[in-house]
Amino acid sequence: MNSKATVEIQTNIGWVQLSITDALRCANTEIETPPVTPIVRIQYYITCVDTVNRIEQTKLCKLGLVSSLLTNSKTMDRDATADVNAPHSMGTTIIGVTYNGGVILGADSRTSTGLYVANRASDKITQLTDNVYICRSGSAADSQIVSDYVRYFLHQHTIQLGQPATVKVAANLVRLLSYNNKNMLQTGIIVGGWDKYEGGKIYGIPLGGTILEQPFAIGGSGSSYLYGFFDQAWKDGMTKHEAEQLVVKAVSLAIARDGASGGVVRTVTINSEGVTRNFYPGDTLPLWHDEVEAHNSLLDILNTSVAEPMST
């Protein structure tokens, strides 16, 4: 392991530097007393004197010492608050899959502002109607305003026709807003649902407003790791259980590879019987490749320790 690379940590006595080895040992709680305590917070970047290899970066990311993998080995000399003030981005993995009887939508839960994780448990699967949901990626603000407008228009549509809107109508409304505002919006959306006319349908609406009806759709920053997997794993006529396991496995694979995806996995199943939501905590997801098991952070350990009473 590279002994020259260090992690900067703020303590009650100021900023100190720990080697990668000591940082990993503290995060793994292999030693009872960390080199410096108490830790107030951990700075969200590594000062690299020399190259930190990819495995070390991955371990630090998974243990919560950094929120994303480094893109190079140069010293990151920038204002630590820059990421906090950056626009919120979903930086995500979203999936929609059809099966024999309906559709299943799935997504991770990490929302980031630059390298800073703004929300580790966000819900990226948004309801439009009783039978239509969307998965949101890209700019959080853009995807939220599009879903709000479409929900409003679909509500009016339902009142005027006296029956629920179809999945195709909902998808085309999303497409219309995305295309007409393509120079201003930075969002990719997957629309999925079930209606009595066409059954379960999935529509992918990527950046720019194109609409594609697909048996499965994937989007977000983690999708680039999943195309080959879906070409091999997806099959026509899957059961509900097979489709849900495929979605959970795919999102967990993307979380393992993509630093902008993480947290928990949420799924929504839509069929003729209604809508079912499922939740898969991060510590129950399968581990892949060189992933490190989840551990409590040093802050959790310090906060749960019982303070001794003062002697009189």
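Reading the values: rules and limits
Residues numbered from 1 in each chain as written. Predicted model: local features only at pLDDT ≥ 70, side-chain atom pairs only at ≥ 80, totals over all residues. Heavy atoms only, no water. UniProt positions renumbered as here; feature names shortened; annotations may be inferred. Helix = DSSP H or I, 4+ residues; strand = E, 2+ residues; numbered from the N terminus. Polar contact = N/O pair within 3.5 Å; in protein donor to acceptor, adjacent residues only side chain to side chain. Phe/Tyr/Trp six-rings, centres within 6.5 Å; stacked < 30°, edge-to-face > 60°. Buried < 20%, exposed > 50% of the residue type's maximum accessible area, 1.4 Å probe, protein only. Lys NZ or Arg CZ within 6 Å of the ring centre and 35° of its normal. Pairing = 2+ DSSP bridges. Axes fitted to C-alpha atoms, helices over the stretch in contact; angles between N-to-C directions. Contact = heavy atoms within 4.5 Å.

Engineer: Could you give me a rundown of the UniProt feature "active site" (unreviewed entry) in the chain, with the residues and numbers involved?
Structural biologist: Residues annotated in UniProt with the feature "active site" (unreviewed entry) correspond here to Thr 92. Examined against the element boundaries, Thr 92 turns out to sit in the loop between helix H2 (54-62) and strand E4 (94-99). Among the polar contacts listed, one links the side chain of Thr 92 to the side chain of Asp 108, at a separation of 2.6 Å.

Engineer: For the packing of aromatic side chains, give the residues involved together with the corresponding values.
Structural biologist: Within this structure, the stated rule accounts for five aromatic pairs. Ring geometry for Tyr 149 against Phe 153: centres 6.2 Å apart, planes inclined by 25°, an arrangement best described as stacked. In this pair, Tyr 149 and Phe 153 are both assigned in helix H3 (residues 140-161), four residues apart and thus about one turn of the helix distant. Residue Tyr 149 is classed as partly exposed on the basis of its relative accessible area, which comes to 45%. Note on Phe 153: relative accessible area 31%, which makes it partly exposed. Aromatic rings pair up to connect Phe 216, Phe 229, Phe 230 and Trp 234 into one cluster. In this structure, Lys 182 packs its charged tip against the face of Tyr 179, placed 4.0 Å from the ring centre.

Engineer: Please give an account of the sheet that holds strand E13 (residues 216-219) that cites residues and values.
Structural biologist: Here we have five strands laid out as an open sheet, ordered E13-E4-E5-E14-E15, and antiparallel in their pairing. Bordering the open sheet on either side are E13 and strand E15 (274-280), each of which pairs with just one other strand. When the angles between neighbouring strand axes are averaged without regard to direction, this sheet yields 15°. The sheet contact formed by strand E14 (residues 265-271) and E15 spans seven bridges and is antiparallel. The partner of Thr 269 across the bridge, within E15, is Thr 276. Together, E4, strand E5 (102-107), E14 and E15 form the strand contacts of helix H6 (residues 240-257), whose direction differs from that of E14 by roughly 155°.

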